[in-house]
Amino acid sequence: MPYTPINKRLKATVDIRLQHRYTNIATELSRTTHFNKIEVLRLLQMHYMLTKDNTKPMDKLNFIHFMDVFLGVRNVEAVDKVYLLCAETNKEYLTGPEFVKVLSLLLKGTLPDLINFCFEVYTEMIRSPKYIKKEDVLLMSRRNSMKMCKLVNMEEYDQSFVDFVMTEVDKDRDNRISLEDYRKAVHENVAWLQFLGQILPSCYQKEIFMRLFTERPYVNSIKSTAAALTRKNRESVARMTLLKSTVSQYENTASSMSFSSDSTGLVVERDDKVHMNKKNKPTSDGNYLTLF
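K.L.:
Looking at this structure, I do not really get the confidence of the model for the protein chain. What am I missing?
P.N.:
Segments scoring low in pLDDT should not have their predicted coordinates read at a detailed level. Predicted confidence across the protein chain gives a mean pLDDT of 79, with 71% of residues reaching 70 or more. The secondary structure element of the protein chain with the lowest average pLDDT is strand β3 (residues 257-262), at 37, and the one with the highest is helix α5 (residues 96-108), at 97. The model gives residues 227-231 a pLDDT under 50, and that stretch makes six contacts with residues more than four places away or in other chains.

Printed below as a string of structure tokens:
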């Protein structure tokens, strides 16, 4: 059978050896993740190269660095919890198959899966296994506002945000947010998926990263599966937009952070996104590590 390179950056002998090593794992993962076999092989080889030829494990620090550089997720506390939830074999490092599984969820996960996952990350962050209380929302809001604007007193904004969140997300009015409350809120308005800080990469970052290892076009599964907004939901979006506008008053004294929302949720992120022109766009011809 003729040899087909998976990664043109590797020597042919190394590429062949890795294909043989990972072929059975890739076949299995292609059945349980959102990637096909070739994509899984490339991701496993990426994990191999990121861990210095498999001699250094992908520990928590390396995973945090990967999420920052490749996927633009700088919420270290959330990434730490993502790592702990996904490193099932050994909490000291992330294996190749676990690396593929977490990327399958973060890049191509369905809305129901992401609802459960994001809620679990948030409850891990506040050390509460079942509920998010009002005081937890306030604490997380203060953390985000401190990152966003260190020079301005954001206490009034924080309290307004907490009141707004509890009104919109606490569906059963018991002063705490359960998974069912959260699920209903997200189905009404998908921006609530990340209302306590960024967990998932932005659509822009997803598309850029996926070009590194696949030729399949990026499809925003969250946006395509979100329920159509009702009149009430449109009013919710309008109120959220009004609330976010209060932050813009402090832009002149704040750092380069902004409050923004794409179809994956409401997040605090930097304005220093990497803009690439068409000439500099990475290609997906197997040479998928062009951003190293």
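Moving on from the model shown.
K.L.:
In this structure, what is going on with helix α4 (residues 76-86)? I would like to understand it.
P.N.:
Note on helix geometry: an α-helix contains 3.6 residues per turn, so any two residues three or four positions apart are oriented the same way. Turning to α4, its buried residues number three or more, namely Ala78, Val79, Asp80, Lys81, Val82, Tyr83 and Cys86. If you follow the buried residues of α4, they end up packed against α3 (60-71), α5 and α6 (111-125).

K.L.:
I'm lost on the environment of His187 in this one. Help?
P.N.:
Among the secondary structure elements, His187 is positioned in helix α9 (residues 179-188). Exposure remark for His187: the relative accessible area of 33% places this residue in the partly exposed category. Between the C-alpha atom of His187 and that of Leu111, which follows or precedes it by 76 residues, the distance is 8.9 Å.

K.L.:
Sorry if this is basic, but what is going on with the packing of α6 against α9 here?
P.N.:
Two measures define how a pair of helices packs: the angle their axes make with one another and the distance between the axes. Where α6 contacts α9, the axes come no closer than 10 Å and their chain directions differ by 130°. Considering their axes alone, α6 and α9 lie oblique with respect to each other. Along this stretch, α6 crosses α9, giving a crossing that reads as right-handed. Contacts from Leu111, Ile115, Asn116, Cys118, Phe119 and Tyr122 of α6 reach α9 at Leu179, Tyr182, Arg183, Val186 and His187. In terms of residue class, the contact of α6 with α9 is made up of eight nonpolar, two polar and one charged.

K.L.:
What am I meant to see in the packing of aromatic side chains here?
P.N.:
If you walk through the whole model with that rule in mind, you get 13 aromatic pairs. Pairing Phe66 with Phe99 gives two aromatic rings, centres 5.1 Å apart and planes at 65°, and the pair type is edge-to-face. On the criterion of sequence distance, the pair formed by Phe66 in helix α3 and Phe99 in helix α5 is long-range, its members being 33 residues apart. Residue Phe66 shares its accessibility class with Phe99, and that shared class is buried. Centre to centre, the rings of Trp192 and Phe195 are 5.9 Å apart; their planes meet at 70°, and the pair counts as edge-to-face. Accessibility classification places Trp192 together with Phe195 in one group, the buried group. Clustering of aromatic rings is evident, with ring pairs tying together Phe35, Phe63, Phe66, Phe70, Tyr83, Phe99, Phe209 and Phe213. The aromatic ring of Tyr131 is capped on one face by Arg176, whose charged end is 3.7 Å from the ring centroid.

K.L.:
Teacher, can you tell me more about unusual backbone geometry here?
P.N.:
In terms of backbone geometry, most residues other than glycine have negative phi values and most peptide bonds are trans. Look at Arg127: it is not a glycine, yet its phi comes out positive at around 60°. Tracing the sequence through the fold places Arg127 in the loop between α6 and β1 (132-133). For Asn175, which is not glycine, the phi torsion reads 65° and is therefore positive. Among the secondary structure elements, Asn175 is positioned in the loop between α8 (155-169) and β2 (176-177).

K.L.:
Honestly, the pattern of salt bridges in this entry has me stumped. Any pointers?
P.N.:
Opposite charge on two side chains allows them to pair when their charged atoms are near. Within the structure shown, the criterion is met by nine salt bridges. With a shortest N-O distance of 3.3 Å, Asp68 and Arg74 are connected by a salt bridge. The partly exposed category is assigned to Arg74, whose relative accessible area is 38%. Of the charged contacts, one joins Arg211 and Glu207 as a salt bridge, the two residues approaching to 3.1 Å between their closest N and O atoms. Because the salt bridges share partners, they merge into one network encompassing Lys60, Asp80 and Lys81.

K.L.:
Sorry if this is basic, but what is going on with the environment of Trp192 here?
P.N.:
Within the element layout of this structure, Trp192 appears in the loop between α9 and α10 (203-210). Taking the C-alpha atoms as reference, Trp192 lies 7.9 Å from Tyr182; in sequence the two are 10 residues apart.

K.L.:
Teacher, can you tell me more about the nonpolar core here?
P.N.:
Nonpolar side chains in soluble globular proteins tend to be buried together. One finds Phe63, Phe66, Tyr182, Leu193 and Phe209 to be the most contacted residues of the largest nonpolar core, which totals 74 residues. With nine residues, α6 is the largest single contributor of residues to this core.

K.L.:
Sorry, what's going on with helix α1 (residues 12-32) here?
P.N.:
Here α1 contains 21 residues, and its C-alpha end-to-end distance of 29 Å stays within 8% of the 30 Å for a straight helix at 1.5 Å per residue. Taken as a whole, α1 carries its principal kink of about 50° at Tyr22. Within the span of α1, buried status applies to Val14, Asp15, Leu18, Gln19, Tyr22, Ala26 and Leu29.

Here is what the cut-offs are and how they apply
Residues numbered from 1 in each chain as written. Predicted model: local features only at pLDDT ≥ 70, side-chain atom pairs only at ≥ 80, totals over all residues. Heavy atoms only, no water. pLDDT = per-residue confidence, 0-100. Helix = DSSP H or I, 4+ residues; strand = E, 2+ residues; numbered from the N terminus. Contact = heavy atoms within 4.5 Å. Buried < 20%, exposed > 50% of the residue type's maximum accessible area, 1.4 Å probe, protein only. Axes fitted to C-alpha atoms, helices over the stretch in contact; angles between N-to-C directions. Parallel < 35°, antiparallel > 145°, perpendicular 65-115°, else oblique. Left-handed = near helix turned anticlockwise from the far one by under 90°. Nonpolar A, V, L, I, M, F, W, Y, C, P; charged D, E, K, R; others polar. Phe/Tyr/Trp six-rings, centres within 6.5 Å; stacked < 30°, edge-to-face > 60°. Lys NZ or Arg CZ within 6 Å of the ring centre and 35° of its normal. Salt bridge = Lys/Arg side-chain N within 4 Å of Asp/Glu carboxyl O. Core = buried A, V, L, I, M, F, W, Y, C linked by side-chain atoms within 4.5 Å. Expected span 1.5 Å × (residues − 1). Bend = angle between axes of the 7 residues up to and from the residue.

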